[in-house]
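# Structural characterization, general
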Amino acid sequence: MNFIFLGPPGAGKGTLAVKVAEEYKIPHISTGDMFRAAIKAQTPLGVKAKEIIDAGGLVSDEITCGLVKERLAQDDCKNGFILDGFPRTIPQAEALVSICPDVTVVNFVIKDEVVIKRLSTRRVCKKCGANYNILTVPPKKEGICDNCGGELYQRDDDKESSIAHRMDVYREQTEPLIAFYKEKNKLTDIDADAQTADILATFKKVFKA
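In this report, we go over the structure that sits alongside the text. Everything numeric here is computed off the predicted structure, so don't read it as measured data. (Residues numbered from 1 in each chain as written. Predicted model: local features only at pLDDT ≥ 70, side-chain atom pairs only at ≥ 80, totals over all residues. Heavy atoms only, no water.)

### A word on the sheet that holds strand β6 (residues 131-133)
The strand order β6-β5-β7 describes an open sheet built from three strands, whose pairing is antiparallel. Edge positions in the sheet fall to β6 and β7 (152-153), since each has one partner strand and no second. Two strands pair when backbone bridges link them, and strand β5 (residues 122-125) and β7 are joined in this way by two bridges, in the antiparallel orientation. The residue bridging C125 from the neighbouring strand is L152, located in β7. (Pairing = 2+ DSSP bridges. Helix = DSSP H or I, 4+ residues; strand = E, 2+ residues; numbered from the N terminus.)

Written out as structure tokens, the structure is:
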């Protein structure tokens, strides 16, 4: 199955995507990972994207959609994929129709106050990028990553003032996608205000592999 994961920052899309990718044997494709892979491989679009990013600019929809098309054409996507972080806007969603019209959109529904609590208590490893939460998934040793021993820190965009801005951007740019996909009967809501194991169990009931 070809999945698109939608939902606000902190809804747990990335965490669940890793679990679903393992269960369903399909790749989890986040926008950030896709950009980094294309830049590392020095594909023509990756080179263009790097030039723009290095200059402090925003990568255009045309280049972003080109990178998505490039990535979805790879062999590991033949049996399906999970797109996490794309599309972000209606124009990107419209462009995706011509790349891959057959998609199932999963909308992670969660209250704002839960998002704020989750993100403001998140900590990330400086070395390996592992995610922790000081309330729900704390490291064994405070401030130290269980996996690699790296230092844990709070990202600037996980501070409360930044979270409010990220939520505003999400509502303005990405939330309209809910109506876009609902109109096409491609949208399924999943309650994201639960533990990851419970959300995964619900997901597997709704979308049988």
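### Details of the side chain of N133
One can find N133 in strand β6. A polar side-chain atom of N133 sits 3.1 Å from the main-chain carbonyl oxygen of R118. The contact partners of N133, leaving out residues within four places of it in the chain, are R118, T121, R122 and P138. (Polar contact = N/O pair within 3.5 Å; in protein donor to acceptor, adjacent residues only side chain to side chain. Contact = heavy atoms within 4.5 Å.)

### Quick word on helix α2 (residues 31-41)
For α2, the complete set of buried residues consists of T31, M34, F35 and A38. The buried residues of α2 all sit within an arc of 95° when viewed along its axis, so they share a single face. With respect to the buried face of α2, the exposed residues turned more than 90 degrees away are R36 and K40. The inward-facing, buried residues of α2 abut β2 (28-30), α3 (44-54), α4 (61-72) and β3 (81-84). One or two steps after α2, the chain reaches Q42, where phi turns positive at roughly 55°. (Buried < 20%, exposed > 50% of the residue type's maximum accessible area, 1.4 Å probe, protein only. Arc of directions from axis to C-beta.)

### A closer look at the state of the cysteines
On inspection of all chains with the given rule, the structure shows zero disulfides. In this structure C100 is not part of a disulfide, and its nearest cysteine sulfur, from C77, lies 9.2 Å away. Looking at C100, the relative accessible area reads 12%, which means it is buried. The cysteine C145 is free of any disulfide, with C128 supplying the nearest cysteine sulfur at 3.8 Å. (Disulfide = S-S within 2.5 Å.)

### Here's the deal with the side chain of D158
Secondary-structure assignment places D158 in the loop between β7 and α7 (160-174). We classify D158 as buried; its relative accessible area is 0%. In terms of polar contacts, D158 uses its side chain to reach the side chain of R122, at 2.9 Å. Those residues in contact with D158 that lie beyond four places of it in its chain are L119, S120, R122, I163 and R166.

### Here's the deal with the sheet that holds strand β8 (residues 187-191)
The strand order across the open sheet formed by five strands is β2-β3-β1-β4-β8, and the pairing between neighbours is parallel. A single partner strand is all that each edge strand has here, and the edge strands are β2 and β8. Neighbour-to-neighbour, the strand axes of the sheet open up by a mean angle of 25°, direction not taken into account. In terms of strand pairing, strand β1 (residues 2-6) meets β3 through four bridges, oriented parallel. (Axes fitted to C-alpha atoms, helices over the stretch in contact; angles between N-to-C directions.)

### A few points about unusual backbone geometry
A cis amide bond, omega -5°, links F86 with the succeeding residue P87. Tracing the backbone through its elements, the reader meets P87 in the loop between β3 and α5 (90-99). At K25, a residue that is not glycine, the phi angle is positive and equals roughly 55°. Position of K25 relative to the elements: it lies in the loop between α1 (13-24) and β2.

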